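Structural overview for review
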Amino acid sequence: MLVNSAVITGKGADTAKVRSTDEIEQIRVLLQSRFDDLNAEYEQAVAENHRLRLVEIGDAAGDDQADSGSKTAERDAATSLLRTLLDRRTQAETAMQRLDEGTYGNCENCSNPIPVERLEVFPSATTCVHCKSNRERRAG
């Protein structure tokens, strides 16, 4: 796959393999495509959320507790989806910034290269597996 080594500049550059300009451009296109897809999905979800709110406002007369609870659950689910999409979009944007800065592919904590397998699965990863597991242990 495209993401096959750490970036050549920034922290950890001494352990990284050199990326060609073509590889960097391919990564940039991949990340931009991911961002564009997430942005379109986010905009669609915002429009759907707005539509649900308009329907809810216009159709609230005569609601019983079950109807009200159902609408609240729908609104909460829509809001959660919006937050998730916004977070994923921000992650893709941050990955593009890191690529521009020359730090994409290196762990933001220890500066070591992020394993290729991790970047293939999660191109927006900013930490290596070790630092991510340490963070999760401390949080959990």
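Each remark here, short or long, concerns the structure printed above.
Residues numbered from 1 in each chain as written. Predicted model: local features only at pLDDT ≥ 70, side-chain atom pairs only at ≥ 80, totals over all residues. Heavy atoms only, no water.

**Brief notes about the overall build of the chain**
The secondary structure content of the chain amounts to four helices and zero strands. Each helix and strand of the chain, placed in order from N terminus to C terminus, yields the pattern α-α-α-α. Among the 140 residues that make up the chain, the fraction classed as buried is 31%. The long-range fraction of contacts in the chain, counting pairs at least 24 apart against all pairs at least 6 apart in sequence, stands at 55%. About 8,700 Å² of surface is accessible on the chain, with carbon and sulfur atoms providing 51% of the total. (Helix = DSSP H or I, 4+ residues; strand = E, 2+ residues; numbered from the N terminus. Buried < 20%, exposed > 50% of the residue type's maximum accessible area, 1.4 Å probe, protein only. Contact = heavy atoms within 4.5 Å. Areas by Shrake-Rupley, 256 points an atom, 1.4 Å probe, with all protein chains shown as cover.)

**Section: the nonpolar core**
Judged by nonpolar contacts, the single largest core of 19 residues is most densely connected at Ile27, Leu31, Leu85, Leu99, Tyr104, Cys107 and Leu119. Looking at this core, the elements that each hand over two or more residues are helix H1 (21-58) and helix H2 (65-101). Contact partners of Leu99, with chain neighbours within four places excluded, come to Ile24, Ile27, Arg28, Leu31 and Tyr104. (Core = buried A, V, L, I, M, F, W, Y, C linked by side-chain atoms within 4.5 Å.)

**Details of the side chain of Arg98**
Residue placement: Arg98 occurs in helix H2. Classification of Arg98 as buried rests on a relative accessible area of 10%. Ignoring sequence-local partners within four residues, the contact set of Arg98 consists of Thr103, Tyr104, Gly105, Asn106, Cys107, Glu108 and Thr126.

**Describing the pattern of salt bridges**
In this structure the tally under the stated criterion is seven salt bridges. Among the ionic pairs, Glu43 bridges to Arg89, the shortest N-O distance being 3.9 Å. Pair noted here: Glu43 is in helix H1 and Arg89 is in helix H2, with a separation of 46 residues, a long-range link. Residue classification places Glu43 among the partly exposed residues on the basis of a relative accessible area of 42%. Arg89 sits in the buried class, given a relative accessible area of 17%. Where Arg51 meets Glu48, a salt bridge forms, and the shortest distance between an N and an O atom there is 2.6 Å. In this pair, Arg51 and Glu48 are both assigned in helix H1, three residues apart and thus about one turn of the helix distant. Taking the relative accessible area as the measure of exposure, Arg51 reaches 42% and is therefore partly exposed. (Salt bridge = Lys/Arg side-chain N within 4 Å of Asp/Glu carboxyl O.)

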